[in-house]
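# Secondary and tertiary structure notes
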Amino acid sequence: MKYIYCLAIIGSVLLPSCNNEPTLQKYFVKNTENKNFIALDVSPSILNIDAAKLSAEQNAALKSFDKMNILAFKLDDKNKAEFELERTKVNKILKDKKYQQLMKFGSGKEGASISFVGSNEHIEEFVLFANKKENGFAVIRILGKNMNPTGIMTMMSVLEKANINLEQLKPLQQLLEK
C-alpha cells in the first residue's frame, strides 16, 4: 500500500512538470479570445469536393486531413510591442525538437516556415508560420492522421478541384487587407 502512495506522490510531482512546456495547442487556446488575434477553425468541408470524382490516392489524402486551426495576430500602431512579444513566443515554441522544420524562407523579421510533428510517414500536424512586419503574423496548424509529404502533394492536386467556401475564411480577409 505504501508503494502505491509513493507512486501517487511521485506522479503528482513529476507529471505536471512534464506538461508545462509551451505548445502551439496551448498557445492557440490561450490567445483565442485575445482582441489582437483572429482565430479560425476550418473543417475539410470548406473544400466542397465531390469525393466520387477523386482517385483512390486523392481520397486517401483527403481523409488524412482532419481540420485546420488558424491564429493570426493583426498588427496596428497600438500593439507593436505585443506583436514582437507574441512572435518571439511562437518562434520559441517552434524551436522545440518536437517541431521538425521542413523549409524556411525570408528573414526572421519577415518570412515563413513549414514544420511538422510526427515521423516522415506518419505526420500528425503541419505548421505554417508566416509573418510580415506591416500586417502581423499567422500560425496555421493542419491536423490529420497519418499524413505524409506525398499525401500533401496529392492534396495540392485535390485543391485544384475544390470549390472552396470562402465564407469560412472571411475573418482572415481583414488581416490581409492593409
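What comes next concerns the included structure. Source: prediction; values computed, not measured.

Within the fold, Glu 86 resides in helix α4 (residues 80-94). On the basis of relative accessibility, which here comes to 5%, the residue Glu 86 falls in the buried class. Of note is the side chain of Glu 86, whose polar atom sits 2.6 Å from the side chain of Tyr 27.

Mapping Asn 31 onto the fold places it in helix α2 (residues 24-31). Relative accessible area serves as the criterion here: at 4%, Asn 31 is assigned to the buried category. Apart from the residues within four sequence positions on either side, Asn 31 is in contact with Phe 37, Leu 71 and Glu 86.

Glancing now at α4. When the terminal C-alpha atoms of α4 are compared, their 21 Å separation across 15 residues agrees well with the 21 Å that a helix rising 1.5 Å per residue should span. Within the sequence span of α4, burial applies to Phe 83, Glu 86, Arg 87, Val 90, Ile 93 and Leu 94. The arc enclosing the buried residues of α4, seen along the axis, measures out at 120 degrees, which places them on a common side. Set apart from the buried face of α4 by more than 90 degrees, the exposed residues are Ala 81 and Lys 92. At its buried positions, α4 is contacted by α2, β1 (37-42), β2 (65-74), β4 (111-119), β5 (122-132) and β6 (136-147).

Before going further, it helps to examine the packing of aromatic side chains. Across all of its chains, the model carries seven aromatic pairs by this definition. Geometrically, the ring pair formed by Phe 73 and Phe 83 is tilted, given 5.8 Å between the ring centres and 45 degrees between the ring planes. With a gap of 10 residues between them, Phe 73 in strand β2 and Phe 83 in helix α4 connect regions that are remote in the sequence. Of the two residues examined, Phe 73 and Phe 83, each falls in the buried class. Between Phe 129 and Phe 137, the ring centres sit 5.7 Å apart and the planes meet at 70 degrees, which makes this aromatic pair edge-to-face. A relative accessible area of 4% means that Phe 129 is categorised as buried.

On to the pairing of β5, then. Across nine bridges, β4 lies against β5 in antiparallel orientation. When the bridges of β5 are listed, Ser 119 appears paired with His 122. If you look at the hairpin formed by β5 and β6, you'll find three residues sitting between the two strands.

All right, on to the packing of helix α3 (residues 56-64) against helix α5 (residues 149-160) then. As a packed pair, α3 and α5 sit with axes 9 Å apart at the nearest point and diverge in direction by 105 degrees. Between α3 and α5, the interaxial angle falls into the category roughly perpendicular. Where α3 approaches α5, its residues Glu 57, Gln 58, Ala 61 and Leu 62 are matched on the opposing element by Gly 151, Thr 154, Met 155, Ser 157 and Val 158. Residues of the contact of α3 with α5, tallied by class, amount to four nonpolar, four polar and one charged.

The next point concerns the pattern of salt bridges. Two side chains bearing opposite charge may form a pair once their charged atoms approach each other closely. Under the counting rule described, the total for this entry stands at four salt bridges. The partner of Lys 145 in a salt bridge is Asp 66, and the shortest N-O contact between them spans 3.5 Å. A residue pair is termed long-range when its members are at least 10 positions apart, and Lys 145 in strand β6 and Asp 66 in strand β2 qualify at 79 residues. The class for Asp 66 is partly exposed, based on a relative accessible area of 32%. The salt bridge partner of Glu 125 is Arg 141, with a shortest N-O separation of 2.8 Å. You can see Glu 125 sitting in strand β5 and its partner Arg 141 sitting in strand β6, a full 16 residues away along the chain. The exposure classification of Glu 125 matches that of Arg 141, with both residues buried.

Parameters and conventions
- Residues numbered from 1 in each chain as written.
- Predicted model: local features only at pLDDT ≥ 70, side-chain atom pairs only at ≥ 80, totals over all residues.
- Heavy atoms only, no water.
- Helix = DSSP H or I, 4+ residues; strand = E, 2+ residues; numbered from the N terminus.
- Buried < 20%, exposed > 50% of the residue type's maximum accessible area, 1.4 Å probe, protein only.
- Polar contact = N/O pair within 3.5 Å; in protein donor to acceptor, adjacent residues only side chain to side chain.
- Contact = heavy atoms within 4.5 Å.
- Expected span 1.5 Å × (residues − 1).
- Arc of directions from axis to C-beta.
- Phe/Tyr/Trp six-rings, centres within 6.5 Å; stacked < 30°, edge-to-face > 60°.
- Pairing = 2+ DSSP bridges.
- Axes fitted to C-alpha atoms, helices over the stretch in contact; angles between N-to-C directions.
- Parallel < 35°, antiparallel > 145°, perpendicular 65-115°, else oblique.
- Nonpolar A, V, L, I, M, F, W, Y, C, P; charged D, E, K, R; others polar.
- Salt bridge = Lys/Arg side-chain N within 4 Å of Asp/Glu carboxyl O.

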